[in-house]
Amino acid sequence: MTDRRRINGPAAATIPPVFLDDGGKEQKETPLIRSRPSDVLRKLFLKTGVTPSASGSAYLEIETTFKSGVSGLKLSCSVHGPRSLPKSAPFSPHIILSAHVKYAPFATKQRRGYLRDSTERDLSVHLETALRGAIIADRWPKSGVDIVVSIIEGDQDRGEAAGTGDETWDTMNVLSGCVTVASAALADAGIDCVDTVAGGVSALVVDRDGAESVVMDPVASEHGKIMAACCVAYLPSRDEVTNLWFKGNLETSDAQWYTELVQKGIQASRSANRVLVQCLHDTVKLTG
Amino acid sequence: MASTTTHSIAIPGQALGPTSKYLPGPGTHIHESNLYSSLLGIVHVSQPEKAPGPAKRLTKITPLPPTELPTISVSRSGVSEKREVLPEVNNVVLCRVIRITPRQAVVSILVCGDSVLEAEWQGVIRVQDVRATEKDRVKIYESFRPGDIVRAEVISLGDQANYYLSTAKNEYGVIMATSEAGNTMYPVSWKEYKDPETGISELRKVAKPY
């Protein structure tokens, strides 16, 4: 891909400088310990109304772990619309939802291009499905709404060498964040929803001593090996799942792991939803 | 008068009460015979207007009229009015004429009800919808000209691009027009506007002043 119009960074992976004060040797020996109980999420910050020009917007941040060099998650979402459809579009009796997820070029270890790659397109499709189940589409005939999520920081361990970790696990955390932040932005934009949808991630991990357990909000660098993970988008008051993404190696006979992963994912989503509800209450108190 | 009481904050999906107690207003939806909020905002409960009590002595026994339920609605601002962001059927809109053809006038809808629209929506006034009488004699160029401001009613959501509008009522039609010389004109009859400077009159489908 030759993009001559913009100033491009290096195409390949770059290793950020590691300073001596950081204890470069010590960092490698950081034990694979989870910094919190298995059913507790990392701290979440959510705020609406960050982009004045958009009809609705929200910003989400997940704290970084204690390990240095591991970045958290920073997402910004803006909702544009409802607005008229382009002339070429056919008549639609309900609102047309289009979601765009884009990594900032500097969001991950591997530099991202300006064009959307397959991961970003995949995330967009997942996000669209998750939100479509939550909005009341026939309240807005003949109109469209654009949901744009920018990933400013992509929840990755920068200390790890490129290629060792599997990026899919990070992508799941990113997707659950995208769902939560887009839900807050949609509510801020005043688009009718049946419920506030929030994302949650659970994973089946194997620790170094070989014990298998299911944890919520997994961070790849805190666990020995992630066997499988599951990202759900869940409507708490309807008790419905609008989107489910499951990935990993599990024996098909072990049905209990599947149910437990989904259960824990829903539980994680409920926790995230509490932050969302509080954030929306604050929005009305401040602006209304 | 309908009285309005303001209550707590509602977020989408929050239960507001059973349908047997409230009527659904803007910003709410019904799920399994319960009312839920569908918007983020403040809950309003507006009581229906009290029916006047029996003025006369009752002479016959009739069943009581069905009691009006209070309407519950959710909106972001302090008022329980419906936010009009999209034109709907039977709305009165103000629009500007963009271009005319022998069969229709293409307009851009600017105001819907009392609210100025954020987005611009395109509408069409077809030749058969210009007036209620003598529909076959209507000529678009004798009814509208580009630049006129027209009051019209939405009759259909139309096709993919246009809303279908109608001016087939006395109150609907051109409310502001400029002459070919560029002066603002005043209406003189139901089908004429007059230029105050040149004295030339032009044909329009004139809206009856309220």
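Under an unreviewed UniProt entry, the name given to chain B is Exosome component 1, and the source organism is Coniochaeta hoffmannii. You can read under Subcellular location (unreviewed entry) in the UniProt record for chain B the words "Nucleus, Nucleolus".

Going by the annotation in an unreviewed UniProt entry, the name recorded for chain A is Exosome complex component MTR3, with Coniochaeta hoffmannii given as the source organism. In its Sequence similarities (unreviewed entry) section, UniProt records this for chain A: "Belongs to the RNase PH family."

Chemist: Sorry, what's going on with unusual backbone geometry here?
Modeler: With glycine set apart, most residues show a phi of negative sign, and most peptide bonds adopt trans. Residue and element names in this part refer to chain A. Although it is not a glycine, Asp217 sits at a positive phi angle of roughly 50°. Secondary-structure assignment places Asp217 in the loop between strand S7 (212-216) and strand S8 (225-235). Asp217 sits in the buried class, given a relative accessible area of 7%.

Chemist: What is the right way to read the packing of aromatic side chains from this model?
Modeler: For any pair of aromatic rings, geometry is given as the distance between the ring centres together with the angle between the planes. Inspection of the entire model under this criterion finds three aromatic pairs over all chains. Taken together, a centroid distance of 5.1 Å and an interplanar angle of 25° make the contact between Phe246 of chain A and Tyr258 of chain A stacked. Note that Phe246 of chain A is positioned in strand S9 (residues 240-248) and Tyr258 of chain A in helix H4 (residues 255-287), a separation of 12 residues in sequence. Here Phe246 of chain A falls in the partly exposed class, since its relative accessible area comes to 28%. We classify Tyr258 of chain A as partly exposed; its relative accessible area is 28%. Relative to Tyr163 of chain B, the ring of Trp121 of chain B has its centre 6.0 Å away and its plane inclined at 85°; by these criteria the two rings are edge-to-face. Of this pair, Trp121 of chain B sits in strand S10 (residues 115-126) while Tyr163 of chain B sits in strand S12 (residues 162-166); the two residues are 42 residues apart in sequence, bridging distant segments of the chain. Judged on exposure class, the residue Trp121 of chain B and its partner Tyr163 of chain B are both buried. Seen from the ring of Tyr103 of chain A, Arg112 of chain A lies directly overhead, with NZ or CZ sitting 4.0 Å from the centre.

Chemist: Help me out: how do you make sense of the interface of chain B and chain A in this one?
Modeler: Much of the literature gives interface size as the accessible area that the parts lose upon coming together. Counting residues at the interface gives 29 residues for chain B and 31 residues for chain A. A combined buried area of about 2,500 Å² lies between chain B and chain A, and 62% of that area is made up of carbon and sulfur atoms. Of all residues in chain B, Ile9, Arg76 and Gln160 of chain B give up the largest surface area on contact with chain A, accounting jointly for 22% of the area buried on that side. Across the chain B-chain A interface, the total number found is zero salt bridges. Inspection of the chain B/chain A interface yields 12 residue pairs in polar contact (both at pLDDT 80 or more). Of all the elements in the fold, those that place two or more residues in the side of chain B that touches chain A are strand S4 (28-31), strand S6 (41-46), S10 and S12 of chain B. In terms of residue count, the dominant contributor to the side of chain B that touches chain A is S10 of chain B (four residues).

Chemist: Looking at this model, I keep getting lost on the UniProt feature "domain: S1 motif" (unreviewed entry) in chain B. Mind explaining?
Modeler: When the UniProt feature table is mapped onto this chain numbering, "domain: S1 motif" (unreviewed entry) sits at residues 88-168 of chain B. Secondary structure over residues 88-168 of chain B splits into 0% helix and 53% strand, and the C-alpha atoms at its two ends are 17 Å apart.

Chemist: How should the side chain of Arg112 of chain A be read in this particular structure?
Modeler: Residues and elements named next belong to chain A. Of note, Arg112 is situated in the loop between strand S4 (96-103) and helix H2 (118-132). We classify Arg112 as buried; its relative accessible area is 10%. Within the structure, Arg112 has its side chain in polar contact with the side chain of Thr108 (distance 3.2 Å). At a separation of 3.1 Å, a polar atom in the side chain of Arg112 contacts the side chain of Asp117. Excluding residues that lie within four positions of it along the chain, Arg112 makes contacts with Tyr103, Ala104, Pro105, Asp117, Thr119, Glu120 and Glu167.

Criteria and cut-off values
Residues numbered from 1 in each chain as written. Chains lettered and ligands numbered in written order. Predicted model: local features only at pLDDT ≥ 70, side-chain atom pairs only at ≥ 80, totals over all residues. Heavy atoms only, no water. UniProt positions renumbered as here; feature names shortened; annotations may be inferred. Helix = DSSP H or I, 4+ residues; strand = E, 2+ residues; numbered from the N terminus. Buried < 20%, exposed > 50% of the residue type's maximum accessible area, 1.4 Å probe, protein only. Phe/Tyr/Trp six-rings, centres within 6.5 Å; stacked < 30°, edge-to-face > 60°. Lys NZ or Arg CZ within 6 Å of the ring centre and 35° of its normal. Contact = heavy atoms within 4.5 Å. Buried area = accessible area lost by both parts, 1.4 Å probe. Salt bridge = Lys/Arg side-chain N within 4 Å of Asp/Glu carboxyl O. Polar contact = N/O pair within 3.5 Å; in protein donor to acceptor, adjacent residues only side chain to side chain.

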